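Structural features, examined
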Amino acid sequence: MRLFFGLQPDSESALAIAAWRDRQLPLIGRPVPEANLHITLAFLGDVSAHRLERLDQAVGQFVAQKRPPGEVLTLNQLGYWPRPGICWLGPQAWSDSLAGLARSLSRLGTAQGSKGDRGKYRPHITLLRGCDSPPPAAASEPLFKLSFDHFNLYQSHQGRTGVTYQVLESWPLG
Ligand code: ATP
Ligand code: MG
(Lines give C-alpha, C1' and ligand atoms only; values in the text may rest on other atoms or scores of the structure.)
(Ligands and ions follow the chains in the order given, each with its own letter.)
Protein backbone atom coordinates (compact mmCIF):
# COMPACT_ATOMS: atom_id res chain seq x y z
CA MET A 1 0.00 0.00 0.00
CA ARG A 2 1.32 3.40 -0.94
CA LEU A 3 0.98 5.51 2.22
CA PHE A 4 1.71 8.99 3.46
CA PHE A 5 0.81 11.21 6.40
CA GLY A 6 -0.53 14.65 5.67
CA LEU A 7 -2.62 17.66 6.52
CA GLN A 8 -5.88 18.38 4.72
CA PRO A 9 -6.86 22.02 4.13
CA ASP A 10 -10.49 22.71 5.07
CA SER A 11 -12.70 22.76 1.98
CA GLU A 12 -13.16 26.55 2.01
CA SER A 13 -9.39 27.09 1.99
CA ALA A 14 -8.87 24.47 -0.70
CA LEU A 15 -11.46 26.23 -2.86
CA ALA A 16 -9.81 29.62 -2.28
CA ILE A 17 -6.32 28.28 -3.04
CA ALA A 18 -7.45 26.57 -6.24
CA ALA A 19 -9.30 29.75 -7.30
CA TRP A 20 -6.23 31.88 -6.62
CA ARG A 21 -4.07 29.48 -8.63
CA ASP A 22 -6.48 29.41 -11.56
CA ARG A 23 -6.67 33.21 -11.66
CA GLN A 24 -3.08 34.11 -10.88
CA LEU A 25 -0.87 31.43 -12.42
CA PRO A 26 -0.54 30.73 -16.11
CA LEU A 27 -1.15 27.13 -17.06
CA ILE A 28 2.52 26.10 -17.08
CA GLY A 29 1.63 22.64 -15.76
CA ARG A 30 -1.27 20.37 -14.86
CA PRO A 31 -3.41 21.80 -12.07
CA VAL A 32 -3.78 19.49 -9.08
CA PRO A 33 -7.51 18.84 -8.53
CA GLU A 34 -8.90 20.85 -5.64
CA ALA A 35 -9.81 17.66 -3.74
CA ASN A 36 -6.16 16.54 -3.89
CA LEU A 37 -4.63 19.68 -2.37
CA HIS A 38 -2.74 18.60 0.75
CA ILE A 39 0.42 19.09 2.78
CA THR A 40 2.51 15.96 3.10
CA LEU A 41 3.97 15.38 6.56
CA ALA A 42 5.82 12.18 5.77
CA PHE A 43 5.86 10.00 2.70
CA LEU A 44 6.13 6.30 3.57
CA GLY A 45 5.84 4.75 0.16
CA ASP A 46 5.09 1.07 0.00
CA VAL A 47 4.11 -0.48 3.32
CA SER A 48 2.68 -4.00 3.42
CA ALA A 49 -0.96 -4.23 4.48
CA HIS A 50 -0.24 -6.41 7.50
CA ARG A 51 1.96 -3.66 8.96
CA LEU A 52 -0.86 -1.15 8.84
CA GLU A 53 -2.38 -2.16 12.17
CA ARG A 54 0.95 -1.83 13.95
CA LEU A 55 1.61 1.49 12.30
CA ASP A 56 -1.82 2.65 13.46
CA GLN A 57 -1.13 1.56 17.02
CA ALA A 58 2.30 3.15 17.07
CA VAL A 59 0.93 6.49 15.84
CA GLY A 60 -1.91 6.30 18.39
CA GLN A 61 0.60 5.75 21.18
CA PHE A 62 2.80 8.54 19.94
CA VAL A 63 -0.14 10.98 19.83
CA ALA A 64 -1.34 9.97 23.30
CA GLN A 65 2.13 10.47 24.78
CA LYS A 66 3.36 13.54 22.93
CA ARG A 67 0.06 15.36 22.39
CA PRO A 68 1.29 17.22 19.29
CA PRO A 69 -0.22 20.73 19.20
CA GLY A 70 -2.57 22.17 16.60
CA GLU A 71 -0.82 24.01 13.79
CA VAL A 72 -1.50 27.27 12.01
CA LEU A 73 0.27 27.91 8.73
CA THR A 74 0.39 31.11 6.75
CA LEU A 75 0.80 30.10 3.13
CA ASN A 76 2.39 33.06 1.39
CA GLN A 77 5.30 31.70 -0.60
CA LEU A 78 5.20 30.37 -4.11
CA GLY A 79 7.95 27.95 -5.04
CA TYR A 80 9.21 25.84 -7.91
CA TRP A 81 11.20 22.60 -7.83
CA PRO A 82 12.61 21.71 -11.26
CA ARG A 83 13.34 18.07 -10.40
CA PRO A 84 9.81 16.91 -9.67
CA GLY A 85 8.67 19.80 -11.91
CA ILE A 86 6.16 21.24 -9.48
CA CYS A 87 4.91 24.67 -8.48
CA TRP A 88 3.94 24.84 -4.85
CA LEU A 89 2.52 27.11 -2.21
CA GLY A 90 3.95 27.01 1.29
CA PRO A 91 4.62 28.96 4.46
CA GLN A 92 7.76 31.07 4.82
CA ALA A 93 8.24 29.69 8.32
CA TRP A 94 6.75 26.92 10.41
CA SER A 95 6.93 25.69 13.97
CA ASP A 96 9.48 23.30 15.42
CA SER A 97 6.52 21.20 16.51
CA LEU A 98 5.45 20.71 12.89
CA ALA A 99 8.97 19.75 11.82
CA GLY A 100 9.14 17.40 14.82
CA LEU A 101 5.81 15.81 13.92
CA ALA A 102 6.97 15.21 10.36
CA ARG A 103 10.21 13.64 11.59
CA SER A 104 8.45 11.43 14.15
CA LEU A 105 5.90 10.17 11.63
CA SER A 106 8.64 9.41 9.17
CA ARG A 107 10.44 7.37 11.84
CA LEU A 108 7.28 5.51 12.81
CA GLY A 109 6.89 4.63 9.14
CA THR A 110 10.48 3.46 8.83
CA ALA A 111 9.94 1.23 11.86
CA GLN A 112 7.17 -0.50 9.88
CA GLY A 113 9.24 -1.10 6.80
CA SER A 114 8.89 2.18 4.92
CA LYS A 115 11.94 3.34 3.01
CA GLY A 116 11.43 6.88 4.23
CA ASP A 117 11.24 10.05 2.19
CA ARG A 118 13.70 12.29 0.50
CA GLY A 119 15.64 15.09 2.06
CA LYS A 120 14.72 17.84 4.45
CA TYR A 121 11.13 18.59 5.42
CA ARG A 122 9.49 21.56 3.75
CA PRO A 123 5.72 21.88 4.12
CA HIS A 124 4.03 22.75 0.83
CA ILE A 125 0.91 22.26 -1.25
CA THR A 126 1.60 21.17 -4.82
CA LEU A 127 -0.44 23.41 -7.14
CA LEU A 128 0.79 22.40 -10.61
CA ARG A 129 2.63 19.33 -11.82
CA GLY A 130 4.69 18.80 -14.93
CA CYS A 131 6.12 22.34 -14.95
CA ASP A 132 9.40 22.86 -16.77
CA SER A 133 9.77 26.50 -15.83
CA PRO A 134 9.14 28.49 -12.66
CA PRO A 135 5.90 30.43 -12.38
CA PRO A 136 6.11 34.15 -13.11
CA ALA A 137 5.43 36.44 -10.15
CA ALA A 138 1.71 36.62 -9.44
CA ALA A 139 -0.07 39.96 -9.61
CA SER A 140 -1.80 39.23 -6.33
CA GLU A 141 0.44 37.70 -3.68
CA PRO A 142 -0.93 34.53 -2.09
CA LEU A 143 -1.92 34.78 1.56
CA PHE A 144 -3.86 31.93 3.12
CA LYS A 145 -4.03 31.17 6.82
CA LEU A 146 -4.84 27.54 7.53
CA SER A 147 -5.49 25.83 10.86
CA PHE A 148 -5.09 22.13 11.44
CA ASP A 149 -6.62 20.23 14.34
CA HIS A 150 -5.83 16.76 13.01
CA PHE A 151 -3.60 14.88 10.62
CA ASN A 152 -4.36 11.92 8.37
CA LEU A 153 -2.85 8.72 7.12
CA TYR A 154 -3.61 8.49 3.40
CA GLN A 155 -3.47 5.68 0.91
CA SER A 156 -2.54 6.89 -2.55
CA HIS A 157 -4.32 5.12 -5.43
CA GLN A 158 -3.10 5.43 -8.99
CA GLY A 159 -6.08 5.29 -11.29
CA ARG A 160 -6.66 5.74 -15.00
CA THR A 161 -7.97 9.24 -14.40
CA GLY A 162 -5.15 10.21 -12.05
CA VAL A 163 -4.20 9.77 -8.45
CA THR A 164 -6.71 9.76 -5.58
CA TYR A 165 -6.00 9.86 -1.87
CA GLN A 166 -8.07 7.91 0.62
CA VAL A 167 -8.02 8.84 4.31
CA LEU A 168 -7.41 5.62 6.25
CA GLU A 169 -7.10 7.12 9.72
CA SER A 170 -7.01 10.47 11.53
CA TRP A 171 -5.47 11.65 14.79
CA PRO A 172 -6.08 14.90 16.68
CA LEU A 173 -3.63 17.76 17.05
CA GLY A 174 -3.87 20.01 20.12
P1 ATP B 1 1.53 11.24 -8.92
O2 ATP B 1 2.71 10.45 -8.39
O3 ATP B 1 0.50 10.41 -9.59
O4 ATP B 1 1.94 12.41 -9.72
P5 ATP B 1 1.31 12.16 -6.21
O6 ATP B 1 2.78 12.44 -6.28
O7 ATP B 1 0.46 13.19 -5.58
O8 ATP B 1 0.74 11.85 -7.65
P9 ATP B 1 2.10 9.94 -4.66
O10 ATP B 1 3.32 9.75 -5.53
O11 ATP B 1 1.41 8.74 -4.14
O12 ATP B 1 1.04 10.81 -5.42
O13 ATP B 1 2.57 10.87 -3.45
C14 ATP B 1 1.76 11.17 -2.34
C15 ATP B 1 2.35 12.35 -1.62
O16 ATP B 1 3.68 12.05 -1.16
C17 ATP B 1 2.52 13.59 -2.49
O18 ATP B 1 2.37 14.73 -1.66
C19 ATP B 1 3.94 13.52 -2.98
O20 ATP B 1 4.48 14.78 -3.25
C21 ATP B 1 4.64 12.91 -1.78
N22 ATP B 1 5.80 12.11 -2.19
C23 ATP B 1 5.82 11.17 -3.16
N24 ATP B 1 7.03 10.59 -3.24
C25 ATP B 1 7.81 11.20 -2.30
C26 ATP B 1 9.16 11.04 -1.88
N27 ATP B 1 9.99 10.15 -2.44
N28 ATP B 1 9.59 11.84 -0.89
C29 ATP B 1 8.79 12.74 -0.31
N30 ATP B 1 7.51 12.92 -0.64
C31 ATP B 1 7.01 12.17 -1.63
MG1 MG C 1 4.27 11.05 -6.98
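My aim in this report is to walk through the structure given alongside it, one point at a time. (Residues numbered from 1 in each chain as written. Chains lettered and ligands numbered in written order. Predicted model: local features only at pLDDT ≥ 70, side-chain atom pairs only at ≥ 80, totals over all residues. Heavy atoms only, no water.)

Here's the deal with the environment of Ile 86
Stated precisely, the cut-off is as follows: Numbering of helices and strands starts at the N terminus; helices are DSSP runs of H or I of at least 4 residues and strands are runs of E of at least 2. Only heavy atoms enter the contact rule, under which two residues are in contact if any of them lie within 4.5 Å.
In this fold, Ile 86 is placed in strand 5 (residues 86-91). Taking the C-alpha atoms as reference, Ile 86 lies 9.6 Å from Pro 135; in sequence the two are 49 residues apart. Ignoring sequence-local partners within four residues, the contact set of Ile 86 consists of Gly 79, Tyr 80, Trp 81, His 124, Thr 126, Leu 128, Arg 129 and Cys 131.

A few points about the site of ligand 1
The condition is simple: Whether a residue is near a molecule or strand depends on its heavy atoms: if one lies within 4 Å, it is near. Two N or O atoms form a polar contact when they lie within 3.5 Å of each other; inside protein one atom must be a possible hydrogen donor and the other a possible acceptor, and for residues adjacent in sequence the pair counts only when both atoms belong to side chains. Values of accessible area rely on a 1.4 Å probe in the Shrake-Rupley scheme; residue burial ignores everything except the protein chains shown. Gly is put with the polar residues, along with every residue not named as nonpolar or charged; the nonpolar set is Ala, Val, Leu, Ile, Met, Phe, Trp, Tyr, Cys and Pro, and the charged set is Asp, Glu, Lys and Arg.
Near ligand 1, the surroundings consist of Arg 2, Phe 4, His 38, Thr 40, Phe 43, Asp 117, Arg 118, Arg 129, Ser 156, Gln 158, Val 163 and Tyr 165. Thr 40 places a polar side-chain atom, nitrogen or oxygen, 2.6 Å from an oxygen atom of ligand 1. A distance of 2.6 Å separates an oxygen atom of ligand 1 from a polar atom in the side chain of Ser 156. Protein contact buries 77% of the 590 Å² of open area that ligand 1 shows by itself. Elements represented by at least two residues in the shell around ligand 1 include exactly strand 1 (2-7), strand 3 (39-46), strand 8 (150-159) and strand 9 (162-172). Among the residues making up the shell around ligand 1, the classes are represented as four nonpolar, four polar and four charged.

A look at the environment of Leu 78
Here is the rule we go by: Only protein chains enter the accessibility calculation, which uses a 1.4 Å probe. A residue is then buried if its area is under 20% of the maximum for its type, exposed if over 50%, and partly exposed in between.
Relative to the elements of secondary structure, Leu 78 occurs in strand 4 (residues 71-81). Take Leu 78: its relative accessible area is 25%, and that puts it in the partly exposed class. Residues Leu 78 and Ala 42, 36 residues apart in the sequence, show an inter-C-alpha distance of 21 Å. Aside from chain neighbours lying at most four places away, what touches Leu 78 is Trp 20, Leu 25, Trp 88, Leu 127 and Pro 135.

So, the packing of helix 2 (residues 52-66) against helix 3 (residues 96-111)
Here is the rule: Axis angles are defined between N-to-C directions and span 0 to 180 degrees, where every axis is a line fitted to C-alpha atoms and, for a helix, only to the segment in contact. For any helix crossing, the convention is left-handed if the near helix is rotated counterclockwise from the far helix by under a right angle, and right-handed if that rotation is clockwise.
Two elements in contact, helix 2 and helix 3, have axes separated by 10 Å at closest approach and are oriented at 150°. Considering the relative orientation of helix 2 and helix 3, their crossing is right-handed. Contacts between helix 2 and helix 3 involve Leu 55, Ala 58, Val 59 and Phe 62 on the former and, on the latter, Leu 101, Ser 104, Leu 105, Leu 108 and Gly 109. Considering only residue class, the contact of helix 2 with helix 3 consists of seven nonpolar, two polar and no charged.

Notes on the side chain of Arg 122
Just so we agree on the cut-off: We count Lys and Arg on the positive side and Asp and Glu on the negative side, and we leave His and both chain ends out. The salt bridge definition used is simple: a Lys or Arg side-chain nitrogen within 4 Å of an Asp or Glu carboxyl oxygen.
Turning to its location among the elements, Arg 122 is positioned in the loop between helix 3 and strand 6 (125-129). Here Arg 122 sits buried without a salt bridge, and the closest side chain of opposite charge, Glu 141, lies 12 Å off (N-O distance). A polar contact of 2.9 Å, which involves the side chain of Arg 122, links it to the backbone oxygen of Pro 91. Here Arg 122 is in contact with Gln 77, Trp 81, Trp 88, Gly 90, Pro 91, Gln 92 and Trp 94, once residues within four sequence places are set aside.

As for the nonpolar core
In plain terms, the rule: Here, nonpolar core refers to any group of buried Ala, Val, Leu, Ile, Met, Phe, Trp, Tyr and Cys residues whose side-chain atoms link them within 4.5 Å.
Counting residues in hydrophobic clusters, the biggest one holds 44 residues, and the most contacted among them are Phe 5, Ile 17, Leu 41, Val 59, Leu 105, Leu 127 and Phe 151. Those residues within four positions of Leu 105 in sequence are excluded, and the remaining contacts are Phe 5, Leu 41, Ala 42, Leu 44, Val 59 and Phe 151.

Thoughts on the packing of aromatic side chains
Where we set the bar: Stacked, edge-to-face and tilted labels apply to pairs of Phe, Tyr and Trp rings (six-membered ring for Trp) whose centres lie within 6.5 Å, assigned for plane angles under 30 degrees, over 60, and everything in between, in that order.
Taken as a whole and assessed by the stated rule, the structure comprises eight aromatic pairs. Judged by centre distance (5.2 Å) and plane angle (80°), the rings of Phe 4 and Tyr 165 are edge-to-face. Taken together, the positions of Phe 4 in strand 1 and Tyr 165 in strand 9 put the pair 161 residues apart, joining distant regions of the chain. Owing to a relative accessible area of 21%, Tyr 165 belongs among the partly exposed residues under this scheme. Geometrically, the ring pair formed by Tyr 154 and Tyr 165 is edge-to-face, given 6.3 Å between the ring centres and 75° between the ring planes. Here Tyr 154, found in strand 8, pairs with Tyr 165, found in strand 9; they are eleven residues apart in sequence, far enough to count as distant. For Tyr 154, a relative accessible area of 1% corresponds to the buried category. Pairwise contacts between aromatic rings join Phe 4, Tyr 154 and Tyr 165 into one cluster.

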